[in-house]
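Coordinate inspection notes
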Amino acid sequence: MENVIYMDHAATTPTDPEVLKAMEPWFDVQYGNPATLYSLGLLASQVVEESRSAVADVLGADPAEIYFTSGGTESNNWAIKGVADAHQKKGRHLITSTIEHHAILEPLEFLEKRGYEVTRVPVDGAGLVDPDAVRRAIRPDTILISIMHANNEVGTIEPIAEIGAVAREAGVLFHTDAVQSVAKIPVKVADLNVDILSLSAHKFYGPKGVGALYLAKRVRVTPLLHGGAQERRRRAGTLNVPGIVGLAKAIHKTADQMEAEAARESALRDRLWEGLRERIPHIYLNGHPTQRLPNALNFRVEGIEGEAMILCLDMNRVGVSSGSACTTGSLEPSHVLLAMGIAAEHAHGSIRMTLGRANTQEDIDYVIDTFPGIVARLREMSPVYNK
Ligand SMILES: *Cc1c(COP(=O)(O)O)cnc(C)c1O
């Protein structure tokens, strides 16, 4: 795929070549199982512990609080189901928001079918959760609050520190899905008042299929996977050593460059939005105007379908999506946009452009030059657009 302008970094990122290089020897040269006692295994176990320390360092956590998983989905499932199971004597009530990723919403629905109760706190038009609404939802039998740090569709950044303070005051455990925010904006567990946090390597230029869960020492959880004694008996299965090495390398490198890269990408993002807004009538920003991830742009285009725009942009070698990669192929409008009060037909006409390291000003200007013509042509054919 030569010359593609990739603008879907919320779906995944390319693995950094330096990360790939760091991973390589752990496949075929230093291939030992870290649970074994001879040198080859010890070498693997050492690199896993170094990687654990690197992840802990970025999050401001203790290495003993980092558990490696197969990605964001497993981390979220473990947080939700693990806490629900371990704390069911205290209660069976959980709190979340209406704009979470499916990897939070589905485990919660799974629990509801088994007798747990879930309160879904609404968001405002910008996608923000009100900490006071979370406070009001807390009951004596509440065992977990799970609110995402930054939304994957619109990029809105939630007031996690405030919600964490509410949770702490009430003595309720607090989890955040930080898959979109880690290494894009500052994520320190102490500043955010979180007890549990999910992250995934492929969202910050690491490999797919590896992630981590931060579990504060005081948190009791039931394992999701039972088997061997890996990860202090809390997550069984032979460790994905190359993946873990890649995750650690990627989180460190991306976090080191975070400030400069955020400034660069947000400037490009703003140039893109200004350029499109000047040239295309009746387009509107989705999400918070300022409290938003530096690389995220989501907007609705009146009168046309998101899918049509995606296909036309693809023919012009630009890769974007309409929202969550996970709902592509379904005809349902985005639950996030609906929860923000956006009408279904406008949600269908929304598009997400999420920038990354490789995007240049030339890319942005190419999209600014190309996209207005696409919109004009699609609107000419549109039965509903008559402005
Ligand atoms: C991508 C994503 C996930 C899922 O992570 P995987 O590693 O792909 O399983 C969960 N939550 C959010 C917010 C995401 O963006």
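Since this is a predicted model, take the numbers as computed values, not measurements.

1. Focus on the sheet that holds strand E4 (residues 117-121)
Here seven strands make up an open sheet; going across it, the order is E2-E8-E7-E6-E5-E3-E4 and the pairing mixed. Every other strand in the sheet has two partners, leaving strand E2 (66-69) and E4 as the edge strands with one partner each. Strand-to-strand twist across the sheet, computed as the mean angle between neighbouring axes with direction ignored, equals 20°. Bridging between strand E5 (residues 142-146) and strand E6 (residues 173-177) involves three bridges; their strand directions are parallel. By the bridge assignment for E6, Leu144 is matched with Leu173. Those strands touched by helix H4 (residues 72-86) are E2, strand E3 (93-97), E5, E6, strand E7 (196-200) and strand E8 (211-215), and its axis lies near 160° from that of E7. Along the sheet, helix H7 (residues 160-170) makes contact with E5 and E6, crossing E6 at roughly 160°.

2. Quick word on the sheet that holds strand E12 (residues 350-354)
Taken together, the three strands give an open sheet; going across it, the order is E9-E10-E12, and neighbouring strands pair in antiparallel fashion. Lying at the two open borders of the sheet, with one neighbouring strand each, are strand E9 (283-286) and E12. Here the average twist between neighbouring strands, direction ignored, is 30°. Note that E9 and strand E10 (residues 296-301) share four bridges and pair antiparallel. Each residue of the ladder has a partner; that of Asn286, found in E10, is Asn298.

3. Let's talk about the site of the ligand
Inspection of the region around the ligand gives 13 residues, with Thr73, Asp177, Gln180, Ser200 and Lys203 positioned closest. Contacts to the ligand include Gly72, whose backbone N or O atom sits 2.8 Å from an oxygen atom. Lys203 places a polar side-chain atom, nitrogen or oxygen, 2.7 Å from an oxygen atom of the ligand. Contact with the protein chains removes 87% of the 380 Å² of surface that the ligand exposes when unbound. The element best represented in the shell around the ligand is H4, accounting for three residues. Broken down by class, the residue content of the shell around the ligand amounts to two nonpolar, nine polar and two charged.

4. Looking at the confidence of the model for the chain
Taken over all residues, the pLDDT of the chain has a mean of 96, while the share at 70 or more is 97%. No element of the chain has a lower mean pLDDT than helix H14 (residues 344-348), which averages 92, and none a higher one than E6, which averages 99.

5. A short note on helix H3 (residues 39-59)
Taking 1.5 Å per residue as the helical rise, H3 with its 21 residues ought to reach 30 Å, and the 30 Å between its terminal C-alpha atoms agrees with that figure. Taken together, the buried positions of H3 are occupied by Gly41, Ala44, Val47, Val48, Ser51, Arg52, Ala54, Val55, Ala56, Val58 and Leu59. Looking one or two residues beyond H3, the residue adopting positive phi is Gly60, at roughly 70°.

The rules behind the values
Residues numbered from 1 in each chain as written. Predicted model: local features only at pLDDT ≥ 70, side-chain atom pairs only at ≥ 80, totals over all residues. Heavy atoms only, no water. Pairing = 2+ DSSP bridges. Helix = DSSP H or I, 4+ residues; strand = E, 2+ residues; numbered from the N terminus. Axes fitted to C-alpha atoms, helices over the stretch in contact; angles between N-to-C directions. Contact = heavy atoms within 4.5 Å. Near = heavy atom within 4 Å. Polar contact = N/O pair within 3.5 Å; in protein donor to acceptor, adjacent residues only side chain to side chain. Areas by Shrake-Rupley, 256 points an atom, 1.4 Å probe, with all protein chains shown as cover. Nonpolar A, V, L, I, M, F, W, Y, C, P; charged D, E, K, R; others polar. pLDDT = per-residue confidence, 0-100. Expected span 1.5 Å × (residues − 1). Buried < 20%, exposed > 50% of the residue type's maximum accessible area, 1.4 Å probe, protein only.

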